Amino acid sequence: MSMRSRKTLLTAAALTAGLTLAAVTPALAGASASGTTRAAAVSSAQGDPRNATQHVADFYGAYIDAVWATDDPTAAASAKALRGFYLSAAAQKKVAAFEKKEHADGILFAQNVPVKWKVAYTGSGAGHATSRVTLTWGDGPHPQVSRIDVQSDLKTLKITDLKPAG
């Protein structure tokens, strides 16, 4: 076999292996034993502890993880601790009043837990930043979505107010 033929064969084999891996990887990432858990398509994340919107995103991500984990005996305590860390005292009182009146979670404004969440910066002024939290309540082509406006203090980064977006 000539040197040129070997190079062509090796190149073809490498290309075939690469294409096969590219085709199989997404399928494997979404597969699971139960079919209910999916691996993330993106395997990296970043953040900035000085950014108010990132702070809100960190809170909602951790909070949803805690309330989702109903089989974990420490989940309720974790959710309560997250509220204490991320929310101002006034916001905690407002959330508690909502929960007492509506019999629903005052962070999610619902009785169940969303399957996805997203946070976007919407503006700032007078020492506060506002973020819009979008919660997705199911999978499929037309899932239910709700939105929450969250206000944060720019100095402390504490959440000072949250309300369903109008």
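Residues numbered from 1 in each chain as written. Predicted model: local features only at pLDDT ≥ 70, side-chain atom pairs only at ≥ 80, totals over all residues. Heavy atoms only, no water.

## Considerations on the pattern of salt bridges
Turning to step 1, where the next piece is worked out: Here the structure, examined in full by the defined rule, presents six salt bridges.
Turning to step 2, where the next piece is worked out: With a closest N to O distance of 3.8 Å, Lys116 and Asp139 form a salt bridge. Of this pair, Lys116 sits in strand S1 (residues 116-125) while Asp139 sits in the loop between strand S2 (128-136) and strand S3 (145-153), placing them 23 residues apart in sequence.
Turning to step 3, where the next piece is worked out: Accessibility expressed as a relative area gives 44% for Lys116, which makes it partly exposed.
Turning to step 4, where the next piece is worked out: Note that Arg132 and Asp149 form a salt bridge whose closest N and O atoms lie 2.5 Å from each other. Highlighted residues: Arg132 in strand S2 and Asp149 in strand S3, separated in sequence by 17 residues.
Turning to step 5, where the next piece is worked out: For Asp149, a relative accessible area of 16% corresponds to the buried category.
Turning to step 6, where the next piece is worked out: One connected set of salt bridges, linked through shared partners, spans Arg83, Glu99 and Asp105. (Salt bridge = Lys/Arg side-chain N within 4 Å of Asp/Glu carboxyl O. Helix = DSSP H or I, 4+ residues; strand = E, 2+ residues; numbered from the N terminus. Buried < 20%, exposed > 50% of the residue type's maximum accessible area, 1.4 Å probe, protein only.)

## Thoughts on the packing of aromatic side chains
Turning to step 1, where the next piece is worked out: Per the counting criterion, the structure on display carries five aromatic pairs.
Turning to step 2, where the next piece is worked out: Their ring planes at 35° and their centres at 5.5 Å tell us that Phe59 and Tyr63 sit as a pair that is tilted. With Phe59 and Tyr63 both in helix H2 (residues 52-68), this residue pair falls four residues apart, about one helical turn.
Turning to step 3, where the next piece is worked out: With a relative accessible area of 0%, Phe59 lands in the buried category.
Turning to step 4, where the next piece is worked out: Here the aromatic rings of Phe85 and Tyr86 are separated by 4.9 Å at their centres, their planes lie at 85°, and the arrangement is edge-to-face.
Turning to step 5, where the next piece is worked out: Since its relative accessible area comes to 10%, Tyr86 is described here as buried. (Phe/Tyr/Trp six-rings, centres within 6.5 Å; stacked < 30°, edge-to-face > 60°.)

## Some points on the nonpolar core
Turning to step 1, where the next piece is worked out: Among the nonpolar cores identified, the biggest contains 24 residues, and Phe59, Tyr60, Leu87, Ile107 and Leu162 are the most heavily contacted of them.
Turning to step 2, where the next piece is worked out: Elements represented by at least two residues in this core include exactly H2, helix H3 (75-86), helix H4 (89-102), S2, S3 and strand S4 (159-164).
Turning to step 3, where the next piece is worked out: If we ignore the near neighbours within four places in the chain, the residues touching Phe59 are Leu82, Arg83, Tyr86, Leu87, Ile107 and Ile159. (Core = buried A, V, L, I, M, F, W, Y, C linked by side-chain atoms within 4.5 Å. Contact = heavy atoms within 4.5 Å.)

## Observations regarding the pairing of S1
Turning to step 1, where the next piece is worked out: Where S1 meets S2, nine bridges bridge the pair, whose relative direction is antiparallel. Paired with Tyr121 across the two strands is Ser131, which belongs to S2. (Pairing = 2+ DSSP bridges.)

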